[in-house]
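Each chain, written out:
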Amino acid sequence: MRLRAATFRSISSVDCCMPFKPEDAIGEVLGQRAEKAIDPSLAGFVCPYIETECPKRSTNLGTEPYPVCTLWRGSRGQPRSTERDLICVCPKRFYQVDWLQEVIEHCWPFDPPRNAMIASEVKMAGFGNVDFVIADRGDSGEIGNFLSVELQAVDITGSAYTAYEALRSAHDLPKRPTYGFNWDNVYKRYITQLVRKGYFHHHWGTKIVAVIQDQVYQSVLEKADFMRTPNVKDKTVNIVFMTYVFEDDPDNSGQFRPKLERVEGTSHASLQSAIMYKEAPTIDEFKKRIANALGRR
């Protein structure tokens, strides 16, 4: 047993010091699977999904774009799944999807639009802004029925910059970069905004569609189990979650593409209630916490 334990410690020690491949941290750069010696400057840092320069920046690069689209989660040695572990960190990555057609197909609750148009960055005092509005515009330019659409990726904690730098210079890292995914920030900031905007859309008799990755949506459900229905065209629904996962692209070997995972609706009232009115902890448990805090004085 002593020999086995010593051997185990030796193997573990070596594993901790093994070089780390940067492509095991970064999933995609400029929409292409990450690989060593990748050089996004050859494409002028132009994002293929918005057909203009990548808007992401890093303090390490000054004004040069930081075109990291997706990151891998998980630890070395664990089985990795594209659908489960490839996480989008830039909302522009969803532009590969024909989400105009998918929103109309899955979320549009009105008569089919005759002239569907997309307005971007629609702002109004007291309301804020939404990324897009899909509107049915009449022959004279009048706006008929519409749906608002917001795209949301997840922020990260820490940094994956060293992995990006290692990719470009074609070398491994001494250890895995320290980064994580800030699921709580989406819950605290984005969901609160959805409640407020869902309330306005309720009064306008329409809906707001949240386009997010399914992993982000699942993290929200784990914190607030609100009423959900697949019948998103129901009049009581004013917030629709349209979620995506990534899959291996069958049409482009070695690459990835977003795939629609689920479409579920709720109301601003249900979402707000789930956030605000959670089951209270017992008073005895809270008294224990008080006693612990007093003991640290």
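It should be noted that the structure appears before, not after, this text.
Everything numeric in this text was worked out from a predicted model, so none of it was measured.

Things to note about the environment of methionine 117
Okay, step 1: Its location among the elements puts methionine 117 in strand S7 (residues 116–124).
Okay, step 2: What makes methionine 117 partly exposed here is its relative accessible area of 33%.
Okay, step 3: The spacing of methionine 117 and alanine 166 is 49 residues in sequence and 42 Å in space, taken between C-alpha atoms.
Okay, step 4: Dropping the residues within four chain positions of it, methionine 117 is found in contact with Val133, Ile134, Ala135 and Arg137.

Concerning the packing of helix H5 (residues 183–204) against helix H6 (residues 214–223)
Okay, step 1: Close contact between H5 and H6 brings their axes to 9 Å; oriented N to C, the two are set at 75°. Taken together, the axes of H5 and H6 are roughly perpendicular relative to one another. From H5, Trp183, Asp184, Val186, Tyr187 and Ile191 reach across to H6, where they touch Gln215, Val216, Ser219, Val220 and Lys223.
Okay, step 2: Here the residues of the contact of H5 with H6 are counted per class, giving six nonpolar, two polar and two charged.

Looking at the sheet that holds strand S5 (residues 68–72)
Okay, step 1: The four strands lie next to each other as S2-S1-S5-S6, forming an open sheet whose pairing is antiparallel. Because the sheet does not close on itself, it has two edges, and the strands there are strand S2 (32–33) and strand S6 (86–88).
Okay, step 2: The sheet contact formed by S5 and S6 spans three bridges and is antiparallel. Its bridge partner being in S6, leucine 71 is matched across the sheet by isoleucine 87.
Okay, step 3: Seen against the sheet, helix H4 (residues 161–169) touches strand S1 (26–29) and S5 and runs at an angle of roughly 60° to S1.

Overview of the state of the cysteines
Okay, step 1: Taken as a whole and assessed by the stated rule, the structure comprises zero disulfides.
Okay, step 2: Unpaired in this structure, cysteine 47 has its nearest cysteine sulfur neighbour in cysteine 69, at a distance of 6.3 Å.

Focus: the packing of H5 against helix H7 (residues 268–276)
Okay, step 1: Where H5 contacts H7, the axes come no closer than 8 Å and their chain directions differ by 150°. On the basis of their axis angle, the class for H5 and H7 is roughly antiparallel. At the point where H5 passes H7, the crossing takes the left-handed sense. In contact with Tyr187, Ile191, Leu194, Val195, Gly198, Tyr199 and His202 of H5, H7 contributes His268, Leu271, Gln272 and Ile275.

Here we look at empty space enclosed by the protein
Okay, step 1: In total, this model carries one cavity of 30 Å³ or more according to the counting rule given.
Okay, step 2: Of the pockets and cavities examined, the largest cavity occupies roughly 70 Å³.
Okay, step 3: Around the largest cavity, the lining residues are Leu30, Cys47, Tyr49, Cys54, Pro55, Lys56, Pro67, Val68, Cys69, Cys90, Lys92 and Arg93.
Okay, step 4: In the lining of the largest cavity, the residues fall into nine nonpolar, no polar and three charged.

Examining the nonpolar core
Okay, step 1: By size, the foremost hydrophobic cluster in this structure holds 49 residues, and its most contacted members are Ile26, Tyr164, Leu194, Phe226 and Phe241.
Okay, step 2: Here this core gets seven residues from one element, more than from any other, and that element is H5.
Okay, step 3: In this structure phenylalanine 226 touches Tyr217, Val220, Leu221, Phe241, Thr266, Ser270, Leu271 and Ala274, once residues within four positions along its chain are discounted.

Some details on the layout of surface pockets
Okay, step 1: Estimated volume of the largest pocket: approximately 330 Å³.
Okay, step 2: As for the largest pocket, its lining consists of 21 residues, and the residues nearest its centre are Lys56, Val89, Val154, Asp155 and Ile156.
Okay, step 3: Those elements giving two or more residues to the lining of the largest pocket turn out to be S5, strand S9 (143–152) and strand S10 (156–158).
Okay, step 4: Of the residues assigned to the lining of the largest pocket, the class counts are eleven nonpolar, six polar and four charged.

Considerations on the sheet that holds strand S8 (residues 128–137)
Okay, step 1: Ordered by their spatial adjacency, six strands build an open sheet running S7-S8-S9-S12-S13-S14, and the pairing between neighbours is mixed. Each edge of the sheet is formed by a strand with only one pairing partner; in this case those strands are S7 and strand S14 (256–266). The mean inter-strand angle of the sheet, taken between neighbouring strand axes irrespective of direction, is 30°.
Okay, step 2: Bridge count between strand S13 (residues 239–248) and S14: ten bridges; the pairing is antiparallel.

Considering the pattern of salt bridges
Okay, step 1: Under the criterion given, the structure shown has 19 salt bridges.
Okay, step 2: As a salt-bridge pair, glutamate 23 and lysine 36 come within 3.0 Å of each other at their nearest N and O atoms. Remark: lysine 36 occurs in the loop between S2 and strand S3 (46–47) and glutamate 23 occurs in the loop between helix H1 (2–16) and S1; sequence separation between them is 13 residues.
Okay, step 3: We classify lysine 36 as partly exposed; its relative accessible area is 29%.
Okay, step 4: For aspartate 155, the salt bridge identified is with arginine 189, shortest N-O distance 3.7 Å. You can see aspartate 155 sitting in the loop between S9 and S10 and its partner arginine 189 sitting in helix H5, a full 34 residues away along the chain.
Okay, step 5: Relative accessible area serves as the criterion here: at 35%, aspartate 155 is assigned to the partly exposed category.
Okay, step 6: Using a relative accessible area of 33% as the deciding quantity, one classes arginine 189 as partly exposed.
Okay, step 7: Because the salt bridges share partners, they merge into one network encompassing Glu247, Asp249, Asp251 and Arg257.

Reading the values: the criteria
- Residues numbered from 1 in each chain as written.
- Predicted model: local features only at pLDDT ≥ 70, side-chain atom pairs only at ≥ 80, totals over all residues.
- Heavy atoms only, no water.
- Helix = DSSP H or I, 4+ residues; strand = E, 2+ residues; numbered from the N terminus.
- Buried < 20%, exposed > 50% of the residue type's maximum accessible area, 1.4 Å probe, protein only.
- Contact = heavy atoms within 4.5 Å.
- Axes fitted to C-alpha atoms, helices over the stretch in contact; angles between N-to-C directions.
- Parallel < 35°, antiparallel > 145°, perpendicular 65-115°, else oblique.
- Nonpolar A, V, L, I, M, F, W, Y, C, P; charged D, E, K, R; others polar.
- Pairing = 2+ DSSP bridges.
- Disulfide = S-S within 2.5 Å.
- Left-handed = near helix turned anticlockwise from the far one by under 90°.
- 1 Å grid on protein atoms, 1.4 Å probe; cavity = no way out; pocket = protein on both sides within 12 Å on 5 of 7 lines; lining within 4 Å.
- Points joined across faces, edges and corners; volume = space filled by probe spheres on them.
- Core = buried A, V, L, I, M, F, W, Y, C linked by side-chain atoms within 4.5 Å.
- Salt bridge = Lys/Arg side-chain N within 4 Å of Asp/Glu carboxyl O.

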